[in-house]
Amino acid sequence: MENASKILEKAHERAEEMDLPYKGALLPAEAFTLLQATPNAKLIDVRCKAELDWVGRIPGAIEVELKTYPGMQPNPNFIDQVAEKVQQDDVIMFLCRSGGRSDYAATVATQSDFPNCYNILEGFEGDKDETGHRGRKGGWKAADLPWVQS
């Protein structure tokens, strides 16, 4: 198992290569390792409540909707809700379904003076496979990391 500093370094290099405005980009297994090895690492799942209820949740994740269901309207209190749950200097890892909303969340949090923001690439379900289904190709679930379903 890679140590936390190596994972963070690799994530930072990825972010630079991808020209991302936040600290780093993590693969799901790297994020899980950081959660276990880094006391101030926090995973914020930005999926809407319906996704969490119907698709699955990550035990111990902080849940803050970036957009609400139905209609996927932006949550105007997103940053305030994040600030209530984490410390300014925590390692904050954002996750969504496939990496798009969490990319945005990491960007806005960075712009709001949270210096250690990371996006979890592939998200919870990953990209669609050749049959149009998620959860089998990339993502937290496909990496066989801990999750539960209602």
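Everything below is about the structure printed above this text.
All of these numbers come straight from a predicted model, not from anything done at the bench. (Residues numbered from 1 in each chain as written. Predicted model: local features only at pLDDT ≥ 70, side-chain atom pairs only at ≥ 80, totals over all residues. Heavy atoms only, no water.)

Draft legend 1. Just the pattern of salt bridges, in detail. Scanning the entire structure with this criterion turns up 7 salt bridges. Salt-bridge contacts for Lys 42 lead to Asp 90; the nearest nitrogen and oxygen are separated by 3.7 Å. Placement of Lys 42 in strand β2 (residues 41–45) and of Asp 90 in the loop between α4 (78–85) and β6 (91–95) is noted, with a sequence separation of 48 residues between them. Close ionic contact of Glu 51 with Arg 101 constitutes a salt bridge, the shortest N to O distance being 2.8 Å. Within this pair, whereas Glu 51 is found in helix α3 (residues 49–55), its partner Arg 101 is found in helix α5 (residues 100–111), the two being separated by 50 residues in sequence. Here Glu 51 matches Arg 101 in class, with each residue buried. Each of Asp 53, Arg 57 and Glu 63 takes part in a single network of salt bridges with overlapping partners. (Salt bridge = Lys/Arg side-chain N within 4 Å of Asp/Glu carboxyl O. Helix = DSSP H or I, 4+ residues; strand = E, 2+ residues; numbered from the N terminus. Buried < 20%, exposed > 50% of the residue type's maximum accessible area, 1.4 Å probe, protein only.)

Draft legend 2. Focus on the sheet that holds β6. Pairing within the open sheet is parallel, and its 5 strands lie in the order β1-β7-β6-β2-β3. Strand pairing shows two members of the sheet lacking a second neighbour, β1 (24–26) and β3 (62–63), which therefore form its edges. For β2 and β3, the ladder comprises 2 bridges, and the chain directions are parallel. Looking at β3, one finds that Ile 44 is bridged to Ile 62. Against the sheet, helix α2 (residues 28–37) touches β1, β2, β6 and β7 (117–120), its axis set at about 100° to β1. (Pairing = 2+ DSSP bridges. Contact = heavy atoms within 4.5 Å. Axes fitted to C-alpha atoms, helices over the stretch in contact; angles between N-to-C directions.)

Draft legend 3. Representation of the packing of aromatic side chains within the structure. For the coordinates displayed, the defined rule picks out 4 aromatic pairs. Ring plane angle 45° and centroid distance 6.4 Å describe the contact between Phe 78 and Phe 94, whose orientation is recorded as tilted. Residue Phe 78 is found in helix α4, and its partner Phe 94 is found in strand β6; the two are separated by 16 residues along the sequence. Of the two residues, Phe 78 and Phe 94, neither departs from the other in class, the shared state being buried. Measuring from centroid to centroid gives 5.7 Å for Phe 124 and Trp 147, while their planes differ by 85°, and the two rings are edge-to-face. Of this pair, Phe 124 sits in the loop between β7 and α6 (139–142) while Trp 147 is found in the segment after α6, placing the two residues 23 residues apart along the sequence. Above the plane of the ring of Phe 124 lies Arg 47, whose end atom (NZ or CZ) is 4.1 Å from the centre. (Phe/Tyr/Trp six-rings, centres within 6.5 Å; stacked < 30°, edge-to-face > 60°. Lys NZ or Arg CZ within 6 Å of the ring centre and 35° of its normal.)

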